[in-house]
Amino acid sequence: MTMNVKTIPLAFGSGILEVDIPEKNLSRIILPSELEIKEEGTSLIKKALVNPINSQRLSEIVNPDSKVAIIVSDVTRPTPTAKILPPLLEELYLGGAKNENITIVFALGLHRLQTEEECRQLVGEDIFEKIRCIQHDRKKCRHLGETSFGTPVEVFEEVVDSDVIISTGTLEFHYYAGYGGGGKSILPGVSSEKSILSFHSFYSKLFEGDPLSGRADSPARKNIEEAARIAGLDFILNVVLESKKEIVDAVAGDFIEAHRKGAEYVDAMYKVPVEPADAVVVSCGGFPKDINLYQATKSLENATSAVKRGGSIILVAECSEGIGNKVYECWNRECRAPEDAVKRFKNRFEFGGHKAAIVGRTAKEFKLYLVSKLPETESRNAFFIPTKSIDEALEKVLSENPDAKIHVMPNGGWTLPVRR
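Residues numbered from 1 in each chain as written. Predicted model: local features only at pLDDT ≥ 70, side-chain atom pairs only at ≥ 80, totals over all residues. Heavy atoms only, no water.

If you look the chain up in an unreviewed UniProt entry, it shows as Transcriptional regulator from Methanosarcina vacuolata Z-761.

Written out as structure tokens, the structure is:
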């Protein structure tokens, strides 16, 4: 008797891994309801700039003497900055802005510095040559006040000293801020270490509550928006991407109202009602979402709503740059069991440690398998069962329950299953 098997390709770094699932076990492939692209990204961006939400056009905001700061995403984000900047600059030139008065600032938050090559690639050769491009320096920040959450607002002085502050970025789900984009490029994007740690420390208080991903009323989002207001963020230009990283929508204007409009679009595409299954195979969607385990845990979190308690999650993430955060690595080594990481985090917030606690909390509820290029000891230290292939992990799941119903999430970084 031949068993019918379905082969599903899953992104792994810049390549593909295939998984063979017996059809009787395959529950569903959880895909976003992506709309077909009817319009080229550049023209969507231009439209957004011409019709900003609750704001004047940028060409009306700037004048020939304006010092303009444009904040852009760093290399860990999929934002197509090289596509966003040309129409944005055209709009600025329309208002008389001059190249020598414009500075492009890479929002690094607490991430590593980028190489010149990475900076060049992100903005595009032409723009890199003609406009000053600098990276955020968290040691050169100015104190501007504090939010009602007690987070100090300390922003990179190059941004503070501009007359017009513009933020660009991608609107997608975020495990803590509800969504990326909007004022998030100010806090944590171009803030001091003290501000960023204060911002993140609230997460330990909300950690055991309901998931915050996909919630515009997330306390972190409120904190971000208070900080952006204090910093004087004038205008945002955010894009929504589909899983192949093509632009499907763009919003511009007021950093709260334009952001919410974009969030509606994200919800319509990426929130997917599901019945929880016995197991889920989740790929982050490839590079850069699976560049390291630190980034890949976002897909793990998204997948939890698609699995019954006690079920299995198979995370497919290349992790070519390893764990991706020294503190996270350290916690993984020091916390012997998932419970240790959760307890330690509740007692003392430490940035990077939050990832160990997130995975620890998840490992207490589900069996976690990892298909990656990490050494086995590192996978084990991070509370995963290391497997050499997706098929090996599946065999383990099916040997325990031959009738297991299994969901597959090819784009874990983008998809947010919502329990029916």
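A few words now on the overall build of the chain. For the chain, the count of helices and strands is 16 helices and 20 strands. The C-alpha atoms of the chain give 22 Å as radius of gyration, which agrees with the globular expectation for 420 residues (22 Å, within 12%). Across its three principal directions, the C-alpha atoms of the chain cover 75 × 50 × 40 Å. Within the chain, the fraction of its 420 residues that count as buried is 58%. (Helix = DSSP H or I, 4+ residues; strand = E, 2+ residues; numbered from the N terminus. Rg over C-alpha atoms; globule rule 2.2 N^0.38 Å. Buried < 20%, exposed > 50% of the residue type's maximum accessible area, 1.4 Å probe, protein only.)

The next subject is the sheet that holds strand 12 (residues 235-241). The 6 strands lie next to each other as 6-5-4-9-12-13, forming an open sheet whose pairing is mixed. On the outer flanks of this sheet lie strand 6 (132-135) and strand 13 (247-253), each paired with one strand and no other. Direction aside, neighbouring strands of the sheet carry axes that sit 20° apart on average. Judged from the 5 bridges that link them, strand 9 (residues 164-170) and strand 12 form a sheet pairing that is parallel. Along strand 12, the bridge assignment pairs T170 with V239. The strands touched by helix 3 (residues 81-94) within the sheet are strand 4 (68-73), strand 5 (102-107), strand 9, strand 12 and strand 13, with strand 4 carrying the most contacts at an inclination of about 165°. Lying on the sheet, helix 10 (residues 257-270) is in contact with strand 12 and strand 13; it crosses strand 12 at an angle near 5°. (Pairing = 2+ DSSP bridges. Axes fitted to C-alpha atoms, helices over the stretch in contact; angles between N-to-C directions. Contact = heavy atoms within 4.5 Å.)

A few words now on the pattern of salt bridges. The final tally for this structure, using the stated rule, is 32 salt bridges. D403 serves as the salt-bridge partner of K24, at 3.8 Å between the closest nitrogen and oxygen. Of the two residues, K24 sits in the loop between strand 2 (15-22) and strand 3 (26-29) while D403 sits in the loop between helix 16 (390-400) and strand 19 (406-409), which places them 379 residues apart along the sequence. By relative accessible area, D403 is classed as exposed at 57%. Among the ionic pairs, K396 bridges to E392, the shortest N-O distance being 3.6 Å. In this pair, K396 and E392 both sit in helix 16, 4 residues apart, roughly one turn of the helix. One network of salt bridges, in which partners are shared, links E116, R120, E125 and E129. (Salt bridge = Lys/Arg side-chain N within 4 Å of Asp/Glu carboxyl O.)

Another point: the sheet that holds strand 16 (residues 307-316). Sheet architecture is open: 6 strands sit in the order 3-19-15-16-17-18, paired in parallel fashion. Among the strands making up the open sheet, the edge pair consists of strand 3 and strand 18 (385-387). Geometrically, the sheet is characterised by an average inter-axis angle of 20° between neighbouring strands, direction not taken into account. Sheet topology places strand 3 next to strand 19; 3 bridges connect them, and they run parallel. Bridge assignment links I29 to a residue of strand 19, and that residue is V408.

Glancing now at unusual backbone geometry. Omega for the peptide link from L187 to P188 comes to 5°, which places this bond in the cis form. Note that the residue after F287, namely P288, is joined by a cis bond; omega there is 0°. The phi dihedral of N54 is positive, around 50°, even though this residue is not glycine. Among the secondary structure elements, N54 is positioned in the loop between helix 1 (41-50) and helix 2 (58-61).

This part covers the nonpolar core. One finds I70, L92, L293 and L315 to be the most contacted residues of the largest nonpolar core, which totals 115 residues. Take this core: its biggest share by element is 6 residues, from strand 12. Residues from two domains meet in this core; each of domain 1 (5-30 + 275-419) and domain 2 (41-269) gives at least three. Setting aside residues up to four positions removed in sequence, L315 forms contacts with V282, C284, L293, A296, S299, L300, Y369, L370, V371 and F384. If you look at the next biggest cluster of nonpolar residues, it comprises 20 residues, including L10, A279, Y369 and V408. (Core = buried A, V, L, I, M, F, W, Y, C linked by side-chain atoms within 4.5 Å. Domains from an automatic or database assignment.)

The next subject is the domain arrangement of the chain. Segmenting the chain into domains produces domain 1 (5-30 + 275-419) and domain 2 (41-269). With centres defined by C-alpha atoms, the gap from domain 1 to domain 2 works out at 29 Å. Domain 1 puts 22 residues into the contact, and the matching count from domain 2 is 24 residues. For the pairing of domain 1 and domain 2, the buried interface totals around 2,200 Å² over both sides, and the portion due to carbon and sulfur atoms is 63%. (Buried area = accessible area lost by both parts, 1.4 Å probe.)

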